[in-house]
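Close look at the chain arrangement
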Amino acid sequence: RSTLTANGSGPVSFATTLDGAKTLAVNTQGAVTFGGAVGGVTPLVSLATNAGGTTAINGGSVTTSGLAGQSYGDAVTLGANTVLDADAGAINFATILNGTYTLAVNTTGTTTFGNAVGGIDRLVSLTTNAGGITAINAGSIRTSGADGQVFNDAVTLGVDTTFEAVAGIITFADTVDSGVIAARSLLANTQGETWFAGDVGGTRPL
């Protein structure tokens, strides 16, 4: 287990690859930068950043193996096309996520978007894999590319949510339901196609 702490708002920067079958927590009110692939050779057990700073994922991939998965407590920006792979672990974005790149999120656990995705800089595309759950507590997800937004797993809406894809596709390949607290609204905005391949509101109505 490793914990890196930068007092105050000091930066924590990994210029190149980062590996090791251990947990890693990075704590700073400043900037955290991953300049190379994380867990590309030996997956980390888990990765967590604390709230209050920023995390730049510039290395293209983050791979973890444990159930704690990946938890980003601060604002995240993508500096490259990115794949996040957590096996069966959770992937949690507690706050905003931006970056003019593609993002693929792969886990058979739960992926949580806790705040706006692409609200400042639209992602090119967003894809989740099948077999897990995507919890959208974000209010909005915005992409710019033709591949748009593809949710291959079950989606739950924790808040009223707008999906904007310009002319890209929006695909819900599995079920879409409201969260457990209250019924939520879904607005899909695109000049392209919108697909609902599974039941919508079958368990918890929108």
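The structure this text deals with has already been given above.
Let us look at the structure shown here. (Residues numbered from 1 in each chain as written. Predicted model: local features only at pLDDT ≥ 70, side-chain atom pairs only at ≥ 80, totals over all residues. Heavy atoms only, no water.)

**Concerning the sheet that holds strand E20 (residues 161-164)**
Judged by pairing direction, the sheet is parallel, and its 3 strands sit side by side in the order E17-E20-E23 without closing on themselves. If you trace the sheet from one side to the other, it starts and ends with strand E17 (140-142) and strand E23 (186-189), each paired once. Neighbour to neighbour, the strand axes of the sheet diverge by 10° on average, direction disregarded. (Pairing = 2+ DSSP bridges. Helix = DSSP H or I, 4+ residues; strand = E, 2+ residues; numbered from the N terminus. Axes fitted to C-alpha atoms, helices over the stretch in contact; angles between N-to-C directions.)

**Topic: unusual backbone geometry**
The phi angle at aspartate 87 is positive, at roughly 55°, despite the residue not being glycine. Assignment of secondary structure puts aspartate 87 in the loop between strand E10 (82-85) and strand E11 (91-93). One non-glycine residue, valine 166, lies in the positive phi region at around 55°. Inspection of the secondary structure assignment puts valine 166 in the loop between E20 and strand E21 (170-172). Exposure remark for valine 166: the relative accessible area of 44% places this residue in the partly exposed category. (Buried < 20%, exposed > 50% of the residue type's maximum accessible area, 1.4 Å probe, protein only.)

**Here we look at the sheet that holds strand E2 (residues 12-14)**
With respect to topology, 5 strands assemble into an open sheet ordered E2-E4-E6-E9-E12, the strand pairing being parallel. The outermost strands of the open sheet, each flanked by one partner alone, are E2 and strand E12 (97-98).

**Description of the pattern of salt bridges**
Should their charged atoms come close, side chains of opposite charge can pair. According to the stated counting rule, one finds 2 salt bridges in the structure shown. Of the charged contacts in the structure, one is a salt bridge between arginine 122 and glutamate 164, with a shortest N-O distance of 3.1 Å. Here arginine 122 is found in the loop between strand E14 (110-113) and strand E15 (125-128), whereas its partner glutamate 164 is found in strand E20, with 42 residues between them in sequence. The class for arginine 122 is partly exposed, based on a relative accessible area of 22%. Residue glutamate 164 is joined to arginine 142 by a salt bridge in which the shortest nitrogen-to-oxygen separation is 3.4 Å. Here arginine 142 lies in strand E17 and glutamate 164 lies in strand E20, a separation of 22 residues in the sequence. (Salt bridge = Lys/Arg side-chain N within 4 Å of Asp/Glu carboxyl O.)

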